[in-house]
Amino acid sequence: MWLLASLLCLTPLQAHIDCMYVVGIMGENFTFPVQIDQKIVEPVWKKNKDIVAEWEEQNKPTYFDPLRNRSVLMENGSLTIFNLEKDDAGTYMLQYWDSVKDHYLDFQLDVLDSFPEPNINCSTSDDELVLNCTAHFQGSLSYAWKLSNKPHSYQNQELSIPLKHVGTTTKATCIIKFSQTERSSEISLIQCLPEEKGDRNRGALIGAFVLTAVILVGILVFLCRKGEHEKLSSGNSQQQPNSEGAAFSHALHDEDEEPKEDTALNEDDSVLKDKQIVKNAVNQEA
């Protein structure tokens, strides 16, 4: 394919033109890999000899079909096509002026169908957990692994991890990339562990959950009892003044009743004295 692309790029009249074969994925935003270290003037992009974008000096970029409203041209000559389509495949040429002479860069763009998310398989061997990432795609993919408990990534399709370093919450992510498109899949490593170790780790997780629940329940019970105690203390403090008031009122009532009893006794004594006087008078007359 590289040879075919080179043959398509070169013509007898333009044998000096550099050509690069590039591949894009349908639906992605594709940028042609232009690397120019000097200031350029009036970059012009052509597709199959038809102008699709140009930047005349002192003016803004101008775009033409089929890239109108679907592309952006930068001052350094870089061209990006948005939402790449199958029909965007073809031969592209960048022409620019560097204040001395014209330069040409040719690109043969091929557009492939998109690819799905990768599949992750896991197994254990010799006290290690082995992860393998696969994806069905016609192009050559790049693979990378990232672990949730590690800051760096591993550039490989297969990854081996010592079982003793596998945590109960550790997750692994496989990232595949082609052109400028990435896809990824994630797996929890606990589901890859052997039955015994997996059960032990699950037991540890359940134990931690139960312990947390017991602590929370204990805190709630303590707070409830504390609230009831404060309510009872508040009620007792209100009843004590009422009891003292009742006792004081009863004492006053008793004091008020004592003069009434004394008055009744005095009245009885006066009646007896009057009867005695009358009796004495009768005896004297006799």
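Residues numbered from 1 in each chain as written. Predicted model: local features only at pLDDT ≥ 70, side-chain atom pairs only at ≥ 80, totals over all residues. Heavy atoms only, no water.

A. Layout of the state of the cysteines. Within this structure, the stated rule accounts for 2 disulfides. Between the sulfur atoms of Cys122 and its disulfide mate Cys192 the distance is 2.2 Å. Residues Cys122 and Cys192 are joined through a disulfide that is left-handed, its torsion about the S-S bond being -90°. In this pair, Cys122 is assigned in strand S10 (residues 119-125) and Cys192 in the loop between strand S16 (181-188) and helix H2 (195-285), connecting sequence segments 70 residues apart. Assessed through its relative accessible area of 8%, Cys192 is described here as buried. The partner cysteine of Cys133 in its disulfide is Cys174, sulfur to sulfur 1.9 Å. Given an S-S torsion of about -90°, the disulfide between Cys133 and Cys174 has left-handed geometry. Of this pair, Cys133 sits in strand S11 (residues 128-134) while Cys174 is found in strand S15 (residues 171-178), placing the two residues 41 residues apart along the sequence. For Cys133, a relative accessible area of 0% gives the class buried. A relative accessible area of 0% places Cys174 in the buried class. (Disulfide = S-S within 2.5 Å. Helix = DSSP H or I, 4+ residues; strand = E, 2+ residues; numbered from the N terminus. Buried < 20%, exposed > 50% of the residue type's maximum accessible area, 1.4 Å probe, protein only.)

B. Quick peek at the confidence of the model for the protein chain. In the predicted model, the protein chain carries a mean pLDDT of 78, and the fraction of residues at 70 or more is 68%. The model gives residues 197-201 a pLDDT under 50, and that stretch makes 5 contacts with residues more than four places away or in other chains. Across residues 244-261, where pLDDT falls below 50, the model places 0 contacts with residues more than four positions away in sequence or in other chains. (pLDDT = per-residue confidence, 0-100. Contact = heavy atoms within 4.5 Å.)

C. Spatial organisation of the packing of aromatic side chains. Within the structure shown, the criterion is met by 7 aromatic pairs. On the numbers, 5.4 Å between centres and 55° between planes, the contact of Phe32 with Phe107 is tilted. With Phe32 in the loop between strand S2 (30-31) and strand S3 (41-47) and Phe107 in strand S9 (residues 102-112), this residue pair connects regions lying 75 residues apart in the sequence. Taken as a pair, Phe32 and Phe107 share a single burial class, namely buried. (Phe/Tyr/Trp six-rings, centres within 6.5 Å; stacked < 30°, edge-to-face > 60°.)

D. The arrangement of the nonpolar core in detail. If you look at the biggest cluster of nonpolar residues, it comprises 28 residues, and the most contacted ones within it are Leu131, Leu141, Trp145, Ile176, Phe178 and Leu189. Secondary structure elements with two or more residues in this core: strand S1 (18-25), S11, strand S12 (142-147), strand S14 (158-162) and S15. Examining the composition of this core, we find that 4 residues originate from one element, S15, more than from any other. For Leu131, the residues in contact, after removing those within four places along its chain, are Asn121, Cys122, Trp145, Gln157, Glu158, Leu159, Ile161, Ala172, Leu189 and Cys192. Counting residues in each nonpolar core, the second largest holds 23 residues, with Leu84, Tyr96, Leu109 and Val111 among its members. (Core = buried A, V, L, I, M, F, W, Y, C linked by side-chain atoms within 4.5 Å.)

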